[in-house]
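For reference, the chains in residue letters:
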Amino acid sequence: MKPTIVFWYEFASTYSYLSAMRITEEAARAHVEVDWRPFLLGPVFKSQGWATSPFNLYPAKGRYMARDIARTAAARGLPFRMPSPFPSNGLKAARLAIAAKAKGRIADFSRAVYAAAFGKGLDIFDDAVLTDCLVAAGLEPDATRKDAADLSVKAVLRTSTDEALALGIFGAPSFTTSDGELFWGDDRLDQALAWERDSMRAKS
């Protein structure tokens with residue numbers, strides 16, 4: 001079995017943007033594969049008694065986050081613009097990502113959505129924006145939308161969100177390893193990859 005981490009992400013998550021734009025390259029360097037797993041933070045926040053993002057509930061934290069993302073993105077050569085409204089509604093994008101996964105294009109589509117949301121500050125609930133993301137990922141928009149509307153895709157998203165809650169995931173991005181370790185935050189990506197790589201080597 002190849003070393004694999006699960007990348008749990010929500011399209012409205014600023015820090016998930018940072019991870020999504022680098023995880024493929026970082027995982028390849030670590031010889032670890034990535035299972036891209038979109039989920040919804042809304043139910044997670046609700047389980048903690050929050051009606052919205054903690055970055056909205058605590059304005060000082062929100063201001064810091066925006067500046068922190070801007071600094072980190074600039075250091076990595078990434079553009080950054082906060083979308084309005086924030087957090088964006090990532091439901092449509094998440095369902096499309098699951099449909100894209102069946103076609104082997106989930107990474108490409110997810111990066112395109114993040115580039116639109118946080119690189120350009122666009123509303124990713126807008127169908128025209130999502131159409132551009134699908135095209136950028138090499139997907140046929142109408143066919144992918146039809147797939148995304150299937151009840152099986154909706155069920156996968158619900159199951160993923162329920163699984164995230166069961167695993168104790170409380171934010172995004174999060175990473176889980178094959179032995180059940182949980183790492184939270186873009187700044188823990190390298191640690192998650194190293195843990196998975198080393199634990200799998202120890203088993204071999």
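The structure this text deals with has already been given above.
Residues numbered from 1 in each chain as written. Predicted model: local features only at pLDDT ≥ 70, side-chain atom pairs only at ≥ 80, totals over all residues. Heavy atoms only, no water.

(A) Up close: the overall build of the protein chain. Across its full length, the protein chain carries eleven helices and four strands. The C-alpha atoms of the protein chain give a radius of gyration of 16 Å, which matches the 17 Å a tight globule of 204 residues would have. Dimensions of the protein chain, computed from the C-alpha atoms along their principal axes, are close to 50 × 45 × 35 Å. The buried share of the protein chain, reckoned over its 204 residues, is 46%. The long-range fraction of contacts in the protein chain, counting pairs at least 24 apart against all pairs at least 6 apart in sequence, stands at 72%. Approximately 10000 Å² of the protein chain is accessible, and the part contributed by carbon and sulfur atoms is 56%. Side-chain charges of the protein chain comprise 26 positive and 24 negative groups, with the mean position of each set lying 3 Å from the other. (Helix = DSSP H or I, 4+ residues; strand = E, 2+ residues; numbered from the N terminus. Rg over C-alpha atoms; globule rule 2.2 N^0.38 Å. Buried < 20%, exposed > 50% of the residue type's maximum accessible area, 1.4 Å probe, protein only. Contact = heavy atoms within 4.5 Å. Areas by Shrake-Rupley, 256 points an atom, 1.4 Å probe, with all protein chains shown as cover. Lys, Arg positive; Asp, Glu negative; His and termini not counted. Charge placed at Lys NZ, Arg CZ, Asp CG, Glu CD.)

(B) Up close: a nonpolar patch on the surface. Residues Phe 170, Leu 182 and Trp 184 make up a contiguous nonpolar surface patch of about 280 Å² in total accessible area. Structurally, Leu 182 can be placed in strand 4 (residues 182–184). (Patch = residues over 30% accessible without salt bridge, like charges linked within 9 Å, V, L, I, M, F, W, Y side chains within 5 Å. Salt bridge = Lys/Arg side-chain N within 4 Å of Asp/Glu carboxyl O.)

(C) Layout of the packing of helix 6 (residues 91–102) against helix 7 (residues 106–119). The N-to-C vectors of helix 6 and helix 7 enclose an angle of 155°; their axes lie 8 Å apart at closest approach. One way to sum up the angle between helix 6 and helix 7 is to call them roughly antiparallel. Every residue of helix 7 that contacts helix 6 at Ala 93, Leu 96, Ala 97, Ala 100 and Lys 101 is listed here: Ile 106, Phe 109, Ser 110 and Val 113. (Axes fitted to C-alpha atoms, helices over the stretch in contact; angles between N-to-C directions. Parallel < 35°, antiparallel > 145°, perpendicular 65-115°, else oblique.)

(D) Local environment of the sheet that holds strand 2 (residues 33–38). In space, the four strands of this open sheet follow the order 2-1-3-4, with mixed pairing throughout. The sheet is open, and its two edges are formed by strand 2 and strand 4, each paired on a single side. Across the sheet, the mean angle from the axis of one strand to that of its neighbour is 25°, orientation sign disregarded. Looking at chain direction, strand 1 (residues 4–9) and strand 3 (residues 174–176) are connected through three bridges and run antiparallel. (Pairing = 2+ DSSP bridges.)

(E) Broad picture of the nonpolar core. Within the largest apolar cluster, 49 residues are counted, with the highest numbers of intra-cluster contacts made by Tyr 9, Phe 11, Trp 36, Phe 109, Val 113 and Phe 175. Tallying contributions element by element places helix 7 first for this core, with nine residues. Once residues lying within four places of it in the same chain are set aside, the contact partners of Val 113 are Phe 11, Ala 93, Ile 124, Leu 130 and Cys 133. One finds Val 6, Phe 39, Ile 169 and Ala 172 within the second-largest nonpolar core, a separate group that totals nine residues. (Core = buried A, V, L, I, M, F, W, Y, C linked by side-chain atoms within 4.5 Å.)

(F) Summary view of the environment of Leu 182. Looking at Leu 182, the relative accessible area reads 31%, which means it is partly exposed. Discounting residues that sit within four places of it in the chain, Leu 182 has contacts with Leu 167, Gly 168, Ile 169, Ser 174, Phe 175 and Thr 176.

(G) Layout of the packing of aromatic side chains. Inspection of every chain in the model, using the stated rule, returns 15 aromatic pairs. Aromatic pair Tyr 9 and Trp 36: ring centres 5.6 Å apart, planes at 85°, arrangement edge-to-face. Remark: Trp 36 occurs in strand 2 and Tyr 9 occurs in strand 1; sequence separation between them is 27 residues. The pair Tyr 9 / Trp 36 is uniform in exposure class, with both members buried. Members of the aromatic cluster, joined through ring pairs, are Phe 7, Tyr 9, Phe 11, Tyr 17, Trp 36, Phe 109, Tyr 114, Phe 118 and Phe 175. Over the ring of Trp 8 we find Arg 37; its NZ or CZ atom is 4.8 Å from the centre of that ring. In this arrangement the basic side chain of Lys 92 is found over the ring face of Phe 125, its NZ or CZ atom lying 4.1 Å from the centre. (Phe/Tyr/Trp six-rings, centres within 6.5 Å; stacked < 30°, edge-to-face > 60°. Lys NZ or Arg CZ within 6 Å of the ring centre and 35° of its normal.)

(H) Quick look at the pairing of strand 1. Of all six residues that make up strand 1, five are buried, and the element is covered over most of its length. Inspection of the sheet shows strand 1 paired to strand 2 by six bridges, in the parallel sense. When the bridges of strand 2 are listed, Trp 8 appears paired with Arg 37.

(I) Spatial organisation of the side chain of Asp 186. Within the element layout of this structure, Asp 186 appears in the loop between strand 4 and helix 11 (189–203). Classification of Asp 186 by relative accessible area gives buried; the value is 5%. Among the polar contacts listed, one links the side chain of Asp 186 to the side chain of Arg 76, at a separation of 2.7 Å. The contacts of Asp 186, once residues within four sequence positions are left out, are Tyr 15, Leu 18, Ser 19, Arg 22, Arg 76 and Pro 173. (Polar contact = N/O pair within 3.5 Å; in protein donor to acceptor, adjacent residues only side chain to side chain.)

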